[in-house]
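# Reading the structure
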Amino acid sequence: MNDRERTSPRFWTRLAQAFALRPLVLATALCGLCDAGIAQQASPPPADASVTLFQNVRVFDGKNGALSGPSHVLVRGNKIETISAQPIAVDRRADTRIIEGGGRTLMPGLIDAHWHAMLIRGTPAQLLGDVGYSNLVAGDEATDTLMRGFTTVRDVGGPVFGLKRAIDEGIVKGPRIYPSGAMITVTSGHGDFRQLTELPRTIGGMLSRMEQVGGSMVADSPDEVRVRAREQLMQGASQIKLTAGGGVSSPFSPIDVTTFTEPELRAAVEAAENWGTYVAAHAFTPAAIQRAIAAGVKCIEHGFLMDEATARLIAEKGIWLSLQPLPEELRLGFREGTVERAKAEEVWPGIARTYQFAKKYKIKTAWGTDVLFSRALAQRQGAILASLIRWYTPAEALVMATSTNAELLALSGPRNPYPGKLGVVEPGAFADLLLVDGNPLENLALVADPAKSFVVIMKDGAIYKNTLPK
Ligand SMILES: [Zn+2]
């Protein structure tokens, strides 16, 4: 460069542009890091200092089976700050909200421990189609889920990371999501929704459409299981979901089969434990459940074909049992004469028996719904909770769907995307709260009619619904 060039206005303009660009380039690089951080552990939008005071409420705290006396509950930012029998004085600032509870019940937001946020509406075939469309539909369903009073779900299979992120960033209204990402299965296992025309598969070869969209991943050796488990953790999975035996809704997985070998299960358990978290395994039969437990699995999903000896083993080992009072509509939803319907007929009678085992052996029991491919059934999410009345008192059912489920979520340890207290109403807990018009400890059916019963819905200190007269 000669002097003339150096002194020309064009040179200085170019130099200025280069410097102006530098922070941009740096910001882009840093943003890349931020993005990865968000994917791994999403932090909710920064809590503001807004204050909400619930006056004159009776509190169901998520643990005790009786309501408190008349109380006042102060929420600051996204946490519960104070609970008091005495009136709480607050600054009458513009951003202070006072909710006159009128003696209604204040309780923790509900938690569904077995949910598939991406698989509620639409058929499996549709979910393999346009990913953008699937996410928009799932976003709308997530808003409905929150408006049913479910402020948290444990997602046990499906490409849910984008939806979770959009909810955490406040772009879409929905519940907190504890994601598993793709469920991991074997060839012909539960979750292998491929057609016979897609066989054979070559290890390391092309992925099927189901795998490309992140719905489920097929793994047929310990090494493959490790890869798939670690891929979910890399995307931000809070726990890993495996299918250890046959399932009802997948056409090529007989209900009696045990799928993964013990070394394969152990590979997932090691990968999860190296990340400080755990594996949840779908399993119905004693053989599948026992093998999963031997490999170090910490939570059994369903377990509906277990025998008494297996129930005892679960209790002795302190394993979690994640049960769902699957409704009749779901069974009848499988067309008569199909292999899925025949499998449903086998599984359904086991539901009541398994709940009885869970009670008899005092097994740590989580509650969930496992709604799949039915918007109508999802609308009955609260009714499915209320159906626990067959085996539990209203208080037992509500403790299960709040503080007990939260205990299971916390098993994700350092991978917990929302570290803090969930499922309880106590100082320091996240302000995920429902104001209920009535006493759900006396009338569990109230949770089956959320549109009417839940007059205020709060998540993370923000109010998403308030139908009280202003
Ligand atoms: Zn499921």
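Reading guide: rules and limits
One numbering rule holds for all chains: residues counted from 1, following each sequence as written. It should be noted that, the model being predicted, local features are given only for residues of pLDDT at least 70 and side-chain atom pairs only at 80 or more, the latter also being counted only at that level, while totals for whole chains, interfaces and linings use all residues. No hydrogens and no water enter the side-chain calculation; it runs on all heavy atoms of the structure. Predictor confidence is given residue by residue as pLDDT, running from a minimum of 0 to a maximum of 100. Contacts are assigned to residue pairs that have any heavy atoms within 4.5 Å of one another. In this analysis a donor is any N, O or S atom within 2.8 Å of a metal ion (3.2 Å for sodium, potassium and calcium), and since water is not included, sites may seem incomplete. Every helix listed is a DSSP run of H or I at least four residues long, and every strand listed is a run of E at least two residues long, numbered separately from the N terminus. Exposure classes here rest on a 1.4 Å probe applied to the protein chains alone. A residue is buried below 20% of its type maximum, exposed above 50%, and partly exposed in between. Note on definitions: angles span 0 to 180 degrees between N-to-C directions of axes, and those axes are lines fitted to C-alpha atoms, for helices only across the stretch in contact. Working definition: roughly parallel below 35 degrees, roughly antiparallel above 145 degrees, roughly perpendicular at 65 to 115 degrees, and oblique for all remaining angles. Each residue is assigned to one class: nonpolar for Ala, Val, Leu, Ile, Met, Phe, Trp, Tyr, Cys and Pro, charged for Asp, Glu, Lys and Arg, and polar for all the others, Gly among them. Take the number of residues in a helix, subtract one, and multiply by 1.5 Å to get its expected span. In this scheme, the bend at a residue equals the angle between the axes fitted to the seven residues that finish there and the seven that begin there. Pairing between strands is defined by DSSP: at least two bridges between them are needed. Throughout, the protein atoms alone are placed on a 1 Å grid, and a set of points is a cavity if a 1.4 Å probe fits but cannot get out or a pocket if it is open with protein on both sides within 12 Å along at least five of seven lines; lining residues have an atom within 4 Å of a point. Grid points are joined across faces, edges and corners, and a volume is the space filled by probe spheres set on the points. Under this definition, polar contacts are N or O atom pairs within 3.5 Å; protein pairs additionally need one hydrogen-donor-capable and one acceptor-capable atom, and for neighbouring residues in sequence, both atoms have to be side-chain atoms. All tallies of charge rest on Lys and Arg as positive and Asp and Glu as negative; His and the ends of each chain are not included. Throughout this description, the term salt bridge denotes a Lys or Arg side-chain nitrogen within 4 Å of a carboxyl oxygen of Asp or Glu. Nonpolar core, defined: a set of buried Ala, Val, Leu, Ile, Met, Phe, Trp, Tyr and Cys residues in which side-chain atoms within 4.5 Å join the residues together. Pairs were defined over the aromatic rings of Phe, Tyr and Trp, the Trp ring being its six-membered one, requiring ring centres within 6.5 Å. Orientation was assigned from the angle between planes: stacked under 30 degrees, edge-to-face over 60, tilted for the rest.

In the predicted model, the protein carries a mean pLDDT of 90, and the fraction of residues at 70 or more is 90%. A low-confidence stretch, residues 1-9 stays under pLDDT 50, and its non-local contacts, those more than four residues away or across chains, total six contacts. Note that residues 11-46 has pLDDT below 50 and, in this model, 26 contacts with residues that lie over four places away or in other chains.

Surrounding the zinc ion are the protein donor atoms His114 (NE2), His116 (NE2) and Asp370 (OD), at 2.1 to 2.3 Å. Look at where the donors of the zinc ion fall in the sequence and you get H-x1-H-x253-D. Taken together, the residues span a long stretch of sequence, with histidine 114 in strand S6 (residues 110-115) and aspartate 370 in the loop between strand S15 (365-367) and helix H14 (375-378) at a distance of 256 residues. Like histidine 114, the residue aspartate 370 is buried in the burial classification.

One way to put it is that helix H12 (residues 339-347) packs onto helix H13 (residues 349-360) with a least axis distance of 4 Å and a crossing angle of 30°. Relative to H13, H12 is oriented roughly parallel. Contacts between H12 and H13 involve Glu345, Glu346 and Val347 from the first element and Pro349, Gly350 and Ile351 from the second. Along the lines of polarity and charge, the residues of the contact of H12 with H13 split into three nonpolar, one polar and two charged.

Within the fold, aspartate 112 resides in strand S6. Each C-alpha atom of the pair aspartate 112 and threonine 369 lies 6.7 Å from the other, and the pair is 257 residues apart in sequence. Discounting chain neighbours no more than four positions away, the residues touching aspartate 112 are Phe150, Thr152, Val153, Arg154, Trp367, Gly368, Thr369, Gln381 and Asn405.

With that out of the way, let us pick up helix H16 (residues 394-409). Helical geometry note: an α-helix holds 3.6 residues per turn, so side chains three or four residues apart project in the same direction. Over its 16 residues, H16 runs 22 Å from end to end, which matches the ideal 22 Å to within 8%, given 1.5 Å per residue. Bending of H16 peaks at approximately 40° at the position of methionine 400. Judged by how many residues are buried, H16 sits mostly within the fold: 14 of 16 residues are covered.

Taken in spatial order, the three strands line up as S6-S7-S8 in an open sheet, and their pairing is parallel. Two strands bound the open sheet, and with one partner strand each, they are S6 and strand S8 (176-179). Across the sheet, the axes of successive neighbouring strands diverge by a mean angle of 15°, strand direction being ignored. One ladder, built from four bridges, connects strand S7 (residues 150-155) with S8; its direction is parallel.

In this structure, the largest pocket spans a volume of roughly 1000 Å³. Breaking the lining of the largest pocket down by element, the ones donating at least two residues are helix H3 (124-127), helix H4 (131-147) and helix H11 (328-333). Residues belonging to the lining of the largest pocket are distributed by class as follows: 22 nonpolar, 17 polar and five charged.

This part covers H4. Taking 1.5 Å of rise per residue, 17 residues should cover 24 Å, and H4 covers 24 Å from first to last C-alpha, within 8% of that figure. Taking the backbone nitrogen of glycine 132 as reference, a side-chain oxygen 2.9 Å away marks aspartate 130 as the first, capping residue of H4. Glycine 149 lies just past H4 and shows a positive phi near 95°.

The next subject is the side chain of aspartate 155. On the secondary structure map, aspartate 155 appears in strand S7. Within the buried core, aspartate 155 has no salt-bridge partner, and the shortest N-O distance to an opposite charge, that of lysine 241, equals 8.2 Å. Here alanine 117 takes part through its backbone nitrogen, which lies 2.6 Å from a polar atom of the side chain of aspartate 155. Beyond its immediate chain neighbours, meaning those up to four positions away, aspartate 155 contacts Trp115, His116, Ala117, Met118, Val160, Ile177, Tyr178, Pro179, Ser180 and Gln239.

Among soluble globular proteins, nonpolar side chains are generally buried collectively. Leu110, Leu163, Ile240, Ile300, Trp367, Leu388 and Leu398 are the most contacted members of the largest nonpolar core, which has 94 residues in total. Counting 18 residues, the second largest nonpolar core, distinct from the first, contains Phe54, Val57, Val73 and Leu468.

A complete count under the given rule lists 27 salt bridges for this structure. Taking the shortest distance from any N to any O, the salt bridge between arginine 76 and glutamate 81 comes out at 2.8 Å. For arginine 228, the salt bridge goes to glutamate 231, with nearest N and O atoms at 3.0 Å. One end of the pair is arginine 228 and the other is glutamate 231, both in helix H7 (residues 222-235) and three residues apart, which spans about a single turn. Connected through salt bridges with shared partners, the residues Arg121, Asp140, Glu141, Asp144, Arg148 and Arg375 form a single ionic network.

In this model, leucine 199 is joined to proline 200 through a cis peptide bond whose omega is -5°. Non-glycine residue histidine 302 carries a positive phi angle of around 80°.

This brings us to empty space enclosed by the protein. On inspection of all chains with the given rule, the structure shows two cavities of 30 Å³ or more. Empty space within the largest cavity amounts to approximately 40 Å³. The wall of the largest cavity is formed by Pro108, Gly109, Thr151, Thr152, Lys421, Leu422, Gly423, Val424, Ala429, Phe430 and Asp432. Across the lining of the largest cavity, the residue classes tally to five nonpolar, four polar and two charged. For the second largest cavity, the calculated volume is near 40 Å³. Taken together, Trp115, Ala117, Ala138, Glu141, Ala142, Thr145, Val153, Leu163, Pro175 and Ile177 make up the lining of the second largest cavity. The biggest single contributor to the lining of the second largest cavity is H4, with four residues.

Right, let's get into the side chain of threonine 285. For threonine 285, the location among the structural elements is in the loop between strand S12 (279-283) and helix H9 (286-294). Residue classification places threonine 285 among the buried residues on the basis of a relative accessible area of 11%.

Let's shift gears to the packing of aromatic side chains. Going through the model one piece at a time under the given rule, you end up with five aromatic pairs. Centroid distance phenylalanine 150 to tryptophan 367: 5.9 Å. Interplanar angle 25°. Geometry classified as stacked. Taken as a pair, phenylalanine 150 in strand S7 and tryptophan 367 in strand S15 lie far apart in primary sequence, 217 residues in all. Given the relative accessible area of 0%, tryptophan 367 is considered buried. Aromatic pair tyrosine 355 and tyrosine 392: ring centres 5.9 Å apart, planes at 80°, arrangement edge-to-face. Here tyrosine 355, found in helix H13, pairs with tyrosine 392, found in the loop between helix H15 (381-386) and H16; they are 37 residues apart in sequence, far enough to count as distant. Summarising the burial analysis for this pair, tyrosine 355 and tyrosine 392 share the class buried.

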